[in-house]
Amino acid sequence: MARSARSSTMRLLYTLCSSSLRPQAQSSTAGLLAGSFQLRHFSAGSAAALRLKEEKEAWWKESLQKLRNIGISAHIDSGKTTLTERVLYYTGRIHEIHEVRGRDGVGAKMDSMDLEREKGITIQSAATYCSWKDYQVNIIDTPGHVDFTIEVERALRVLDGAVLVLCSVGGVQSQSITVDRQMRRYEVPRLAFINKLDRMGADPWKVLNQARSKLRHHSAAVQVPIGLEDDFKGLVDLVNMKAHYFHGSSGEKIVIEDIPADIETLALEKRRELIEAVSEVDDKLAEAFLSDEPIPPIELEGAIRRATIARKFVPVFMGSAFKNKGVQPLLDGVLSYLPCPTEVSNYALDQTKNEEKVMLSGSPAGPLVALAFKLEEGRFGQLTYLRIYEGVVKKGDFIVNVNTGKKVKIPRLVRMHSNEMEDIQQAHAGQIVAVFGVDCASGDTFTDGSVRYTMTSMSVPEPVMSLAVSAVSKDSGGNFSKALNRFQKEDPTFRVGLDPESGQTIISGMGELHLDIYVERMRREYKVDATVGKPRVNFRETITQRAEFDYLHKKQSGGQGQYGRVIGYVEPLPPGSPTKFEFQNMLVGQAIPSNFVPAIEKGFKEAANSGSLIGHPVENIRIVLNDGAAHTVDSSELAFKLAAIYAFRQVLLA
């Protein structure tokens, strides 16, 4: 009886406990299930996001790999603009070929200024873009005259590759050397194109040897011409060992055939020469070459690409742009051998870390970094050309000018086709675009505000010639000033100053043609007739060897006199020195009190403004002060300044 009562009590307690615990167990089970579902959902979401990011990156990478930014540079009349005209025609950007000088009343597409068409020269660099075999190619056609060298300078600053055009008759000329030096300065990989093989006296092998000797190119031909001058018929491709002929009214039909028997031996010899030259700078090809294995075209092409991008080799193409021969293989060479934006190392300076060098990824996923490299005054205000190095820029975005700290909005974003514009909504890393309504200077860097990076500026040469100009009519003074201000902003090598003695306006530039063009543009664009004085060349004097000086300036005329003695030497600075005048104080002890040293430096600087030969400034000199003497009463800043001036004059005449 007692046992049954106890067992029933136990059953009751168990039932009560289990009923009270069940809701908690159910809720905890439901919580675990919900948590598990959320975790699965989060994992699926993050995986989808990661997959989307990878797909986007793959798309950007493929887009950038199929992009080329190239410049076409050369000496005057080597055929740069004619070559660009053919490139635009074969890529479908233009539907008719027009010649330079506008003989047919139209003129070449890239020479959009009336002055360019009249004179048959390129004055301003012009940008365009085209498509070739699913690749996007941005092209900048640059001037050949040394007077417009800044146009070449700023184009090469932002390009990833270049085509150096050489004339098969003229060969390597003065401006070819200048342009090649600029390409080296900005570390631009390049191809060479020997043009005008149809001309009388054409000799591509002579030009190739000149490129090796005068330009120090490690180069070899990748093509052999089939005939020369009037017999120029086509080209042999030394990589694939096939002959290319150009048929049709404009050379648009390419016929590929076997190599003619009469030049097969020459082609084999030149192919071996090409393989040898590339093997010297590419280890992978060198192994195959030394083991006497046959080199397949794909391996040779890969080796040429690696060597060209590393700037160890310059492949040489040939043709005649005017006769429509050899342009399409050159375009293939641009795609095959020149780098895409991600294969070029671009660096910025981080302003928050004391200008520490930062390598840019070149990816559109990074923060925006863009360089304003060229300005033009257009119909709709200032047109600013931008090279985007990283990130994405969209129409309507706010961007920050790192150099001024100003935040500006992009009202209009365009792609340039010579003087025509195509509105676009956005542009990404690697592209060259233009924006309207953004007030800035050439060389300014723009970011999205998340970083404070600046790109290194381009090299701007000093003006070499000056002219005195004045407006004929007093009423046109406003337009005269407006024109000079605009030209100065557009062109860093064009300077405007005032002669302190005569009060005349002095314009300075890179040569007589450079200044004549601006005077003519003033007349045409601003309706200002200007009178021009005689050209004055901005000569500079220098010294060739070290010379000692020891000069005592002593003057006594009642009361406090003047006393100062300076001893030291003057020597030329080493070539390529960044400074043009150096003063070094090497005094030991108190022979000259330290408070007089700045006056001595000032005296030497003042004396260097006028040399002893023709009165022009003296440059590339180092002045070292190592001894002297002072008087306790008669020495003064003026006395030591005069001592320095007379010592400098004495040493120049010695």
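What counts, and where the lines are drawn
- Residues numbered from 1 in each chain as written.
- Predicted model: local features only at pLDDT ≥ 70, side-chain atom pairs only at ≥ 80, totals over all residues.
- Heavy atoms only, no water.
- Helix = DSSP H or I, 4+ residues; strand = E, 2+ residues; numbered from the N terminus.
- Buried < 20%, exposed > 50% of the residue type's maximum accessible area, 1.4 Å probe, protein only.
- Contact = heavy atoms within 4.5 Å.
- Areas by Shrake-Rupley, 256 points an atom, 1.4 Å probe, with all protein chains shown as cover.
- Phe/Tyr/Trp six-rings, centres within 6.5 Å; stacked < 30°, edge-to-face > 60°.
- Core = buried A, V, L, I, M, F, W, Y, C linked by side-chain atoms within 4.5 Å.
- Pairing = 2+ DSSP bridges.
- Axes fitted to C-alpha atoms, helices over the stretch in contact; angles between N-to-C directions.
- Salt bridge = Lys/Arg side-chain N within 4 Å of Asp/Glu carboxyl O.

*Asks:* Please explain the overall build of the protein chain as it appears in this structure.
*Replies:* When helices and strands are counted, the protein chain shows 14 helices and 33 strands. Counting over 654 residues, the protein chain shows a buried share of 50%. For the protein chain, the share of sequence-separated contacts (at least 6 apart) that also reach a separation of at least 24 residues comes to 69%. For the protein chain, the accessible surface area stands at approximately 32,300 Å², while carbon and sulfur atoms represent 52% of it.

*Asks:* Whenever I open this one, the packing of aromatic side chains confuses me. Can you help?
*Replies:* Note on aromatic pairs: each is described by the distance of the centres and the angle between the planes. What the rule picks out here adds up to 12 aromatic pairs. Seen in terms of ring centroids, Tyr 89 and Tyr 90 are 5.6 Å apart; in terms of plane orientation they differ by 65 degrees. Their pairing is edge-to-face. The exposure class assigned to Tyr 89 is partly exposed, which follows from its relative accessible area of 22%. Measuring from centroid to centroid gives 6.2 Å for Phe 583 and Phe 604, while their planes differ by 35 degrees, and the two rings are tilted. One end of the pair, Phe 583, is in strand E32 (residues 581–585); the other, Phe 604, is in helix H13 (residues 597–607), with 21 residues separating them in the sequence. Neither residue differs from the other here; Phe 583 and Phe 604 are each classed as buried. Within the aromatic cluster, the residues linked to one another by ring pairs are Phe 487, Phe 494, Tyr 518 and Tyr 526.

*Asks:* Can you walk me through the nonpolar core in this structure?
*Replies:* As a rule of thumb, nonpolar side chains are buried together in soluble globular proteins. Ranked by size, the top nonpolar core spans 49 residues in total, and within it Leu 83, Val 163, Val 236, Leu 274, Leu 300, Ile 304 and Phe 313 carry the most contacts. Per-element tally for this core: the top contributor is helix H10 (residues 327–337), with six residues. Ile 140, Ala 155, Val 172 and Val 314 belong to the second largest nonpolar core, which has 47 residues in total.

*Asks:* In this structure, what is going on with unusual backbone geometry? I would like to understand it.
*Replies:* Both trends apply: most residues other than glycine have a negative phi, and most peptide bonds are in trans. The residue Glu 355 is not glycine, and still its phi comes out positive at about 55 degrees. Inspection of the secondary structure assignment puts Glu 355 in the loop between strand E12 (346–350) and strand E13 (356–360). On the basis of relative accessible area, Glu 355 is assigned to the partly exposed category, the value being 46%. Of note in this structure, Asn 620 is not a glycine but carries a positive phi near 55 degrees.

*Asks:* Got a minute to help me understand the side chain of His 428 in this structure?
*Replies:* Of note, His 428 is situated in strand E21 (residues 426–428). On the accessibility criterion, His 428 (8% relative accessible area) is buried. Not counting the four nearest positions on each side in its chain, His 428 is found in contact with Trp 60, Ser 63, Leu 64, Pro 364, Ile 388, Gly 391 and Val 392.

*Asks:* I would appreciate a short explanation of the sheet that holds strand E5 (residues 190–195) in the present structure.
*Replies:* The strands that make up a sheet pair up through hydrogen bonds in the backbone, lying either parallel or antiparallel. Read from one edge of the open sheet, seven strands run E2-E3-E1-E4-E5-E11-E6, paired in mixed fashion. With partners counted over all chains shown, the strands left at the sheet margins are strand E2 (126–132) and strand E6 (219–221), one partner each. Direction aside, neighbouring strands of the sheet carry axes that sit 25 degrees apart on average. Bridge analysis of E2 against strand E3 (residues 135–141) gives seven bridges, and the strand direction is antiparallel. What sits directly across from Cys 130, in E3, is Val 137. Against the sheet, helix H5 (residues 174–185) touches strand E1 (67–74), strand E4 (161–167) and E5, its axis set at about 165 degrees to E4. The strands touched by helix H6 (residues 204–214) are E4, E5, E6 and strand E11 (314–318); relative to E6, the strand with the most contacts, the crossing angle is about 170 degrees.

*Asks:* Looking at this structure, how should I read the pattern of salt bridges?
*Replies:* Proximity of charged atoms lets side chains of opposite charge pair with each other. Within this structure, the stated rule accounts for 30 salt bridges. For Lys 489, the salt bridge goes to Asp 439, with nearest N and O atoms at 2.9 Å. Placement of the pair is Lys 489 in helix H11 (residues 477–490) and Asp 439 in the loop between strand E22 (432–436) and strand E23 (445–447), with a sequence separation of 50 residues. Judged by its relative accessible area of 52%, Asp 439 falls in the exposed class. A salt bridge links Glu 571 to Arg 622, with the shortest nitrogen-to-oxygen separation between them at 2.7 Å. Here Glu 571, found in strand E31 (residues 562–572), pairs with Arg 622, found in strand E33 (residues 621–629); they are 51 residues apart in sequence, far enough to count as distant. You'll find Glu 571 and Arg 622 in the same group, each marked buried. What emerges from the salt-bridge pattern is a single network uniting Glu 151, Arg 154, Lys 374 and Glu 376.

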